[in-house]
Amino acid sequence: MVNIVILTGAGISAESGLKTFRAEDGLWENHPVEQVATPEGFARDPDLVQRFYDERRAQIRAAAPNAAHKALGRLEREFDGNLLLVTQNIDDLHERGGATQTLHMHGEALSAWCLSCDTRHSWSTTLRDSPQCPSCGDAALRPDIVWFGEMPYQMDRIFDALSRADLFVSIGTSGAVYPAAGFVQQASANGARTLELNLERSAGSHLFDETRLGPASELVPTWVD
Ligand code: BJW
Ligand code: ZN
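Residues numbered from 1 in each chain as written. Chains lettered and ligands numbered in written order. Predicted model: local features only at pLDDT ≥ 70, side-chain atom pairs only at ≥ 80, totals over all residues.

*Asks:* An account of the sheet that holds strand β8 (residues 193–198) is requested, with residue identities and associated values reported.
*Replies:* The pairing of strands in a sheet happens through backbone hydrogen bonds and is either parallel or antiparallel. Across the sheet, six strands lie side by side as β3-β2-β1-β7-β8-β9; this open sheet has parallel pairing. The sheet is open, and its two borders are formed by β3 (103–104) and β9 (210–213), each paired with just one other strand. In the sheet, β8 pairs with β9 via four bridges, with the strands oriented parallel. Note on β9: the bridge partner recorded for N198 is L213. Set on the sheet, helix α11 (residues 216–224) makes contact with β7 (167–171), β8 and β9; between it and β8 the angle comes to about 145°. (Pairing = 2+ DSSP bridges. Helix = DSSP H or I, 4+ residues; strand = E, 2+ residues; numbered from the N terminus. Contact = placed C-beta atoms within 7 Å. Axes fitted to C-alpha atoms, helices over the stretch in contact; angles between N-to-C directions.)

*Asks:* A description of α11 should follow, citing residues and the corresponding values.
*Replies:* Those residues of α11 that fall on the buried side of the exposure criterion are A216, L219 and V220. An end-on view of α11 places all buried positions within 90° of arc, on one side of the element. On the buried face of α11, the contacting elements are α1 (11–14), α6 (67–78), β7, β8 and β9. (Buried ≥ 20, exposed ≤ 12 C-beta atoms within 10 Å, placed from the backbone. Arc of directions from axis to C-beta.)

*Asks:* Got a sec to walk through the sheet that holds strand β6 (residues 141–145)? Specific residues and values, please.
*Replies:* The sheet built from three strands is open, its strands ordered β5-β4-β6 with antiparallel pairing. Each edge of the sheet is formed by a strand with only one pairing partner; in this case those strands are β5 (120–122) and β6. Each neighbouring strand pair of the sheet contributes to a mean axis angle of 45°, computed without reference to strand direction. Two strands pair when backbone bridges link them, and strand β4 (residues 107–114) and β6 are joined in this way by four bridges, in the antiparallel orientation. The residue bridging G107 from the neighbouring strand is I145, located in β6. Contacts between helix α5 (residues 46–62) and the sheet are confined to β4 and β6, with β4 contributing the most and set at about 135° to the helix.

Here is the structure:
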């Protein structure tokens, strides 16, 4: 049985019209990271952070999956080995592209997390207008997002899959953020072949056995087929 682990980043959703983080006109240009993507920023100004994610949610709802998301959905249906699709993205474009098993290691934009009773809920407009937890009633909902300094989700499962991977593929990520940026080394050390599909060389490009440069909507379908 062949084991594949795929890691995706903001670059796979760029052609669906969602901004990446570190591009020149990227998300971090107009939104200082420490204000909108840290627990300290949220504690200081929760409304600012909620507004940032409200805007992102609206953009995500208006976006559609592109050929790269759809190719990975097709791969999940047709591949008869073990496949783990790990995304750093908080959008739901993998799901809408047909993938059913996506692991969102940095959380999900459309999910709300109650700090009072530790339950998760769909972040509907209703919830935003009166941000009370449907389970306990407390006004303690925060975006279900992994911010800097917080532990990404399901790391045990990811490291386990990386330790057994025959192939590791990284798609549309700059390799600037850990622990995801270290996955290529973990997979390599365990004997996996490693492939990078990205618009430009990432920070850890030299760590991959092979790099293919170009837009995800072209590279990913070609690789899958
Ligand atoms: C295309 C394309 C097209 C464009 N086709 N490609 C010093 C050393 C090492 C680590 C650290 C350190 N100091 C701090 C840390 C840890 C920190 C970290 O890594 N910081 C770095 C900045 C140095 N990491 C953390 O804090 C993480 N947690 C952690 O480590 O926990 C362990 C721990 C906890 C507590 C105590 C002790 C240890 C958590 C990281 C959370 C990241 N969160 C964010 C925001 C939330 C989600 C959201 O709002 O959406 O996640 S940051 C942001 O960056 C987002 C992304 O998921 C993440 C990665 O970005 P991504 O996807 O790579 O996007 P870009 O824009 O960077 O790149 C896009 C790429 O696509 C580019 O290469 C383009 O070329 C390409 N592209 N168009 C193909 N059409
Ligand atoms: Zn609650």
